[in-house]
Amino acid sequence: MRDQPLLSARGLTRFYGTGCVSCPENTGPAAATNRCSACGTIVACAEVSFDLYPDETIGIVGESGSGKSTVVRLLHFDIEPSAGSLSVTIPHGAGRQSGNGQVHVQHLLDGTADVFGATAFERRMIRNTFMGIVYQNAAAGLRMQVSAGGNVAERLIAGGWRSVGAMRDRAAWLLDKTEIPLERMDELPRNFSGGMQQRVQIAKALSNSPVVLLLDEVTTGLDLSVQARVLDVIRSLQREFRLALIVVSHDLGVIRLLTSRTMVMKHGRVIETGLTDQILEDPQHPYTQLLVSSQL
Amino acid sequence: MLSVLDLTKRFTLHTQGGKVIEAPSAFSFSLHEGMFLGLAGPSGSGKSTVLKCIYRTYLPTKGALHYHSLLFGPVDLAQLDEHRMLDLRRTEIAYVSQFLRVIPRVPAIEIVASALKYRSSASDREALRKAAELLERLGIPPRLFDTYPSTFSGGEQQRVNIARSVIWKPRLLLLDEPTASLDSTAAATVVDILRELRDAGSTMIGIFHDRATMAQLADQVHEFPQQRSVHAYRD
Ligand SMILES: Nc1ncnc2c1ncn2[C@@H]1O[C@H](COP(=O)(O)OP(=O)(O)OP(=O)(O)O)[C@@H](O)[C@H]1O
Ligand SMILES: Nc1ncnc2c1ncn2[C@@H]1O[C@H](COP(=O)(O)OP(=O)(O)O)[C@@H](O)[C@H]1O
Ligand SMILES: [Mg+2]
Ligand SMILES: [Mg+2]
Ligand SMILES: [Zn+2]
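On a predicted model such as this, the values are computed, not experimentally measured, just so you know. (Residues numbered from 1 in each chain as written. Chains lettered and ligands numbered in written order. Predicted model: local features only at pLDDT ≥ 70, side-chain atom pairs only at ≥ 80, totals over all residues. Heavy atoms only, no water.)

## A look at the coordination of the zinc ion (ligand 5)
All names here are of chain A.
Step number 1: Distances from the zinc ion (ligand 5) to its protein donors, Cys20 (SG), Cys23 (SG), Cys36 (SG) and Cys39 (SG), fall within 2.3 to 2.4 Å.
Step number 2: Geometry at the zinc ion (ligand 5) is tetrahedral, judged from its four donor atoms and the angles of 100 to 116° they form at the metal.
Step number 3: Read in sequence order, the donor residues coordinating the zinc ion (ligand 5) give the pattern C-x2-C-x12-C-x2-C.
Step number 4: Using a relative accessible area of 0% as the deciding quantity, one classes Cys23 as buried. (Donors = N, O, S within 2.8 Å, 3.2 Å for Na, K, Ca; no water. Tetrahedral: all angles 85-135°; square planar, octahedral: opposite > 155°, others 65-115°. Buried < 20%, exposed > 50% of the residue type's maximum accessible area, 1.4 Å probe, protein only.)

## Looking at the interface of chain A and chain B
Step number 1: On the side of chain B, 28 residues touch chain A, which itself brings 29 residues to the contact.
Step number 2: Contact between chain A and chain B buries roughly 2,500 Å² in total, counting both sides, with carbon and sulfur atoms accounting for 56%.
Step number 3: For the pair chain A and chain B, the number of links is four salt bridges.
Step number 4: Note that A:Arg261 is salt-bridged to B:Glu82, the shortest N-O span being 3.3 Å.
Step number 5: Linking chain A to chain B there are 12 residue pairs in polar contact (both at pLDDT 80 or more). (Contact = heavy atoms within 4.5 Å. Buried area = accessible area lost by both parts, 1.4 Å probe. Salt bridge = Lys/Arg side-chain N within 4 Å of Asp/Glu carboxyl O. Polar contact = N/O pair within 3.5 Å; in protein donor to acceptor, adjacent residues only side chain to side chain.)

## A word on the side chain of A:Thr288
Step number 1: Along the chain, the position of A:Thr288 falls in helix H12 (residues 286-295).
Step number 2: Here A:Thr288 is in contact with A:Val264, A:Ile271, A:Glu272, A:Ile279 and A:Pro283, once residues within four sequence places are set aside. (Helix = DSSP H or I, 4+ residues; strand = E, 2+ residues; numbered from the N terminus.)

## What about the nonpolar core?
Step number 1: Of all hydrophobic cores here, the largest spans 93 residues; its most connected members are B:Leu173 and B:Leu194.
Step number 2: Once residues lying within four places of it in the same chain are set aside, the contact partners of B:Leu173 are B:Ala94, B:Val96, B:Ser165, B:Val166, B:Leu194, B:Leu197, B:Thr203, B:Met204 and B:Ile205. (Core = buried A, V, L, I, M, F, W, Y, C linked by side-chain atoms within 4.5 Å.)

## So, the packing of helix H3 (residues 108-117) of chain B against helix H5 (residues 154-166) of chain B
The description of two packed helices rests on the angle between their axes and on the distance between the axes.
Residue and element names in this part refer to chain B.
Step number 1: Running from amino to carboxyl end, H3 crosses H5 at an angle of 25°, the nearest separation of the two axes being 7 Å. Taken together, the axes of H3 and H5 are roughly parallel relative to one another. For the crossing formed where H3 meets H5, the hand is right-handed. From H3, Ala108, Ile111, Val112 and Ala115 reach across to H5, where they touch Val160, Ala163 and Arg164.
Step number 2: Among the residues making up the contact of H3 with H5, the classes are represented as six nonpolar, no polar and one charged. (Axes fitted to C-alpha atoms, helices over the stretch in contact; angles between N-to-C directions. Parallel < 35°, antiparallel > 145°, perpendicular 65-115°, else oblique. Left-handed = near helix turned anticlockwise from the far one by under 90°. Nonpolar A, V, L, I, M, F, W, Y, C, P; charged D, E, K, R; others polar.)

## Considerations on the packing of aromatic side chains
Residue and element names in this part refer to chain B.
Step number 1: Evaluation of the coordinates by the stated rule reveals seven aromatic pairs over all chains.
Step number 2: Between Phe11 and Tyr58, the ring centres sit 5.1 Å apart and the planes meet at 85°, which makes this aromatic pair edge-to-face. Of this pair, Phe11 sits in strand E2 (residues 10-13) while Tyr58 sits in the loop between helix H1 (47-55) and strand E6 (62-69), and the two are 47 residues apart along the sequence. Each member of the pair, Phe11 as well as Tyr58, is classed as buried.
Step number 3: Members of the aromatic cluster, each reached through a chain of ring pairs, are Phe27, Phe29 and Phe224.
Step number 4: Taking the ring centre of Tyr55 as reference, the NZ or CZ of Arg89 above it sits at 4.0 Å.
Step number 5: When the ring centre of Trp168 is taken as reference, the NZ or CZ atom of Arg119 above it lies at 4.0 Å. (Phe/Tyr/Trp six-rings, centres within 6.5 Å; stacked < 30°, edge-to-face > 60°. Lys NZ or Arg CZ within 6 Å of the ring centre and 35° of its normal.)

## What to know about helix H4 (residues 120-130) of chain A
Step number 1: Counted residue by residue, H4(A) has eight buried out of 11 residues, so it is predominantly covered.
Step number 2: Within H4(A), burial applies to A:Glu122, A:Arg123, A:Met125, A:Ile126, A:Arg127, A:Asn128, A:Thr129 and A:Phe130.

## Description of the coordination of the magnesium ion (ligand 3)
Residue and element names in this part refer to chain A.
Step number 1: Ser69 (OG) and Gln136 (OE1) make up the full set of protein donors to the magnesium ion (ligand 3), lying at 1.9 to 2.4 Å. Note that Ser69 is positioned in helix H2 (residues 68-75) and Gln136 in the loop between strand E5 (131-134) and helix H5 (138-141), a separation of 67 residues in sequence.
Step number 2: Judged by relative accessible area, Ser69 falls into the buried class, the value being 14%.

## Examining the sheet that holds E6(B)
All names here are of chain B.
Step number 1: As summarised here, the arrangement of the four strands in space is E4-E1-E6-E7, forming an open sheet in which the pairing is antiparallel. Looking at strand neighbours, the two that pair on one side only are strand E4 (27-31) and strand E7 (73-76), the edges of this open sheet. Taken pair by pair, the neighbouring strands of this sheet meet at an average axis angle of 10°, ignoring direction.
Step number 2: Of the strand pairs in this sheet, strand E1 (residues 2-8) and E4 are connected by four bridges, and their pairing is antiparallel. Residue pairing across strands places Ser3 opposite Ser30, the latter belonging to E4. (Pairing = 2+ DSSP bridges.)

## Some details on the confidence of the model for chain B
Step number 1: Mean pLDDT over chain B: 91, with 96% of residues reaching 70 or higher.
Step number 2: For this predicted complex, the interface score ipTM comes out at 0.92, while the overall pTM is 0.91. (pLDDT = per-residue confidence, 0-100.)

## So, unusual backbone geometry
Step number 1: Phi at A:Glu179 takes a positive value of approximately 65°, unusual for a residue other than glycine.
Step number 2: Examined against the element boundaries, A:Glu179 turns out to sit in the loop between helix H7 (164-177) and helix H8 (194-206).

## Re the pattern of salt bridges
Step number 1: Counted under the stated rule, the structure contains 25 salt bridges over all chains.
Step number 2: A:Asp51 is the partner of A:Arg10 in a salt bridge, and the nearest nitrogen-oxygen pair spans 3.0 Å. Linking A:Arg10 in strand E1 (residues 7-16) with A:Asp51 in strand E2 (residues 42-52), this pair joins segments that are 41 residues apart in sequence.
Step number 3: With a relative accessible area of 38%, A:Arg10 lands in the partly exposed category.
Step number 4: Between B:Asp81 and B:Arg84 there is a salt bridge, and its shortest N-O distance comes to 3.9 Å.
Step number 5: When its relative accessible area of 40% is taken as the criterion, B:Asp81 is described as partly exposed.
Step number 6: Each member of the salt-bridge network shares a partner with another, and the members are A:Glu56, A:Arg261 and B:Glu82.

## Regarding the environment of A:Thr129
Residues and elements named next belong to chain A.
Step number 1: Tracing the backbone through its elements, the reader meets Thr129 in helix H4.
Step number 2: Thr129 gets classed as buried once you look at its relative accessible area, which sits at 1%.
Step number 3: It is 19 Å that separates the C-alpha atoms of Thr129 and Ala9, two residues lying 120 residues apart in sequence.

Here it is in structure tokens:
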């Protein structure tokens, strides 16, 4: 019935520091810290495993510093894992918009290879062709001194696009989808409101019609009506493009609306996973119960 | 089609000193295809909990929920993996909660139409037409179709909630007080719609506050006893 998982992550781990044999036992929920008392290493995330299926939406929740953004950045190859593997299954000719990236990396996309072991070039190809990301901080995802349209075009070029006219048309179309007025396409995102910046990030992330979209706190810090607008844009794009989403959010309302399964993180570990409605209505772990009861 | 064996659900409230609440305990019944089972009993006796365990919004603590699915054949809903549970929710099991929870800024008619579109090959136009028909039948004024349900009255929201589940004719429909905030005309329409659905082959489990409504629909009623000795504490 189900297809193969699009992404299969096993044991994702990221250390900041030299690491020692005691790091695993000195960190995590039981140790109540992500810092190893023996060597001072920060275990930003450890042993994170999950499967993401086509069309599926997974939420990641947890307190500040629990490792949510680290997981997302690992999946986007922004940082290197200390341990763990990631396999990717994307059928050939999955109807992507981009140039010729797929040809170069197709041999890595049958679900058997660990793409963390691929070359930097191959990882970049995979990322630019199949993934999109919206960062917690718009400044991390946008170049503020480049126009909104230019930001989208940069990602298109990275995905193999070459015709200026075609790129401009595509950028206009994407900005329109994310409800950025066309007449503002040539303005710098620096002049935009927070909600607009997030929507430009979404447009940029969608440039090459990714199959996986990673959203790190897309609505945090936006006022409620703007949040609703951003969520609405994401939902309709998700339906239209059949995107698989990983949604990191502090806001359990956002998680409930956008995701079907949820992982709860604490001190770098996944402490509970389940159907999203089950996590919110019948949380098992004491920390999840606290999280849910303090928000509802 | 569904047989529940010794279902027990225990809530351990870690944030309240590990207090344990148990409801229901060792609940059993079985349900044939096309049957309508009513659940009755005092408030807090565990009726909603049973529905939520079947839908897996709650994780059953003990017992088995044997369900004969179209998709996977016989499965135990208490043990089924999450992806398969989601598949069943998409294709055959629906749950009508007491309150509507939807994404803001989506018009009522879209909510109902997309529930059908997501599950069938219905075209946009066809889905919208069916959604309009159903909402109209439920007494939602057409001028509200294109507005966001967040501004609707409780009864209107509940009707949108019912509409988006019945529109795709689920095989197993779980109803938690679907008529609670409806006036008698709207409630009567809901009863008619549910009857038609049952006559077309759907199986249902329903909680109704109102015994008269229950009598109009249920082939069989299971009475829940007053919850017993629930406030046990963990050592
Ligand atoms: N470059 C780095 N150097 C050292 N430590 C880092 C680095 N990046 C992240 N960390 C640490 O890793 C841990 C996890 O960080 P991460 O950004 O993943 O948290 P988060 O769950 O996204 O938190 P928030 O909800 O605040 O965004 C934190 O303790 C953080 O300080
Ligand atoms: N998510 C929950 N967490 C803790 N206790 C719960 C939860 N849901 C239900 N209960 C408890 O379980 C018992 C049965 O509740 P419920 O099934 O809602 O009863 P009914 O629907 O029959 O009124 C009650 O004591 C209720 O407080
Ligand atoms: Mg973060
Ligand atoms: Mg109830
Ligand atoms: Zn260490």
